[in-house]
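Chains, contacts and geometry: an overview
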Amino acid sequence: MAPPPSGNYKINNVAFNTQYADLTNGSSVVGTQIMGHHEDDTASGISHRTFELTVIDQVVGLVTLKNQTSGTYATINQEQGLVQGGAKEVLQLSTEDGSSYIIHPQDVNIVWILKDENDFTPITAAAAPENNTKYWRFEKD
């Protein structure tokens, strides 16, 4: 199934549905961690949690995710096992139901995972677990 259409989104974890992908402090420093955080409805917080999804290839689900505040892209640091802000990286969105997605490098089983429901929990990158901590929803901004 295809990725969501290009546009601005908040990325919500399925297992911990109060948690959104949040670029820490909206920092443009390469390597800044992307963490889980609840939606606090502050202007700065909302922009740290808003990513511009650009569809590169709709058939295979290739996209980029650019943070609204920093201008950096969501990247997967496979060596450190972390999701971070950095240079443009094409990611793949895989889905079975068209609403929940696994976010990973193209054809690689290293996926975004949120391990718990606490604010400031780093989003890690590892082999897909059996549970639903690996699934994300894209909520139109």
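Relevant structure appears above.
In what follows, the accompanying structure is described.

Criteria and thresholds
- Here the residue numbering is sequential within each chain, running from 1 through the sequence in written order.
- Totals for whole chains, interfaces and linings use every residue, but because this is a predicted model, local features are given only for residues with pLDDT of at least 70 and side-chain atom pairs only at 80 or more, for both listing and counting.
- Hydrogens are left out, water is left out, and the side-chain values use all remaining heavy atoms of the structure.
- Residues enter a nonpolar core if they are buried and are Ala, Val, Leu, Ile, Met, Phe, Trp, Tyr or Cys, with the set joined through side-chain atoms within 4.5 Å.
- Three labels apply to residues, based on accessible area from a 1.4 Å probe with only protein chains included: buried if under 20% of the type maximum, exposed if over 50%, partly exposed otherwise in between.
- Contacts are residue-level and defined by heavy atoms, with any inter-residue pair within 4.5 Å sufficient.
- Every helix listed is a DSSP run of H or I at least four residues long, and every strand listed is a run of E at least two residues long, numbered separately from the N terminus.
- By salt bridge we mean one thing: a side-chain nitrogen of Lys or Arg within 4 Å of a carboxyl oxygen of Asp or Glu.

Considering the nonpolar core
- Counting residues in each nonpolar core, the largest one holds 23 residues, and the members touching the most others are Ile11, Leu65, Ile103, Trp112 and Phe138.
- Each residue touching isoleucine 11, except ones within four places of it in the same chain, is listed here: Gln19, Tyr20, Ala21, Arg49, Phe51, Leu65, Ile103, Trp112, Trp136, Arg137 and Phe138.

A closer look at the environment of isoleucine 123
- Here isoleucine 123 lies in strand β11 (residues 121-126).
- Using a relative accessible area of 0% as the deciding quantity, one classes isoleucine 123 as buried.
- Distance from isoleucine 123 to valine 60, taken between C-alpha atoms, is 24 Å for residues 63 residues apart in sequence.
- For isoleucine 123, the residues in contact, after removing those within four places along its chain, are Ala21, Ile34, Met35, Gly36, Leu82, Val83, Trp112, Ile113, Leu114 and Trp136.

Focus: the pattern of salt bridges
- One pass over the structure, following the stated rule, counts 4 salt bridges.
- With a closest N to O distance of 3.2 Å, arginine 49 and glutamate 39 form a salt bridge. Of this pair, arginine 49 sits in the loop between α1 (43-48) and β4 (50-57) while glutamate 39 is found in the loop between β3 (34-38) and α1, placing the two residues 10 residues apart along the sequence.
- A residue is classified by how much of its surface remains accessible, and glutamate 39, at 16% relative accessible area, is buried.
- With a shortest N-O distance of 2.6 Å, arginine 49 and aspartate 40 are connected by a salt bridge.
- Looking at arginine 49, the relative accessible area reads 1%, which means it is buried.
- Salt bridges sharing common partners tie together Lys10, Asp22, Glu39, Asp40 and Arg49.

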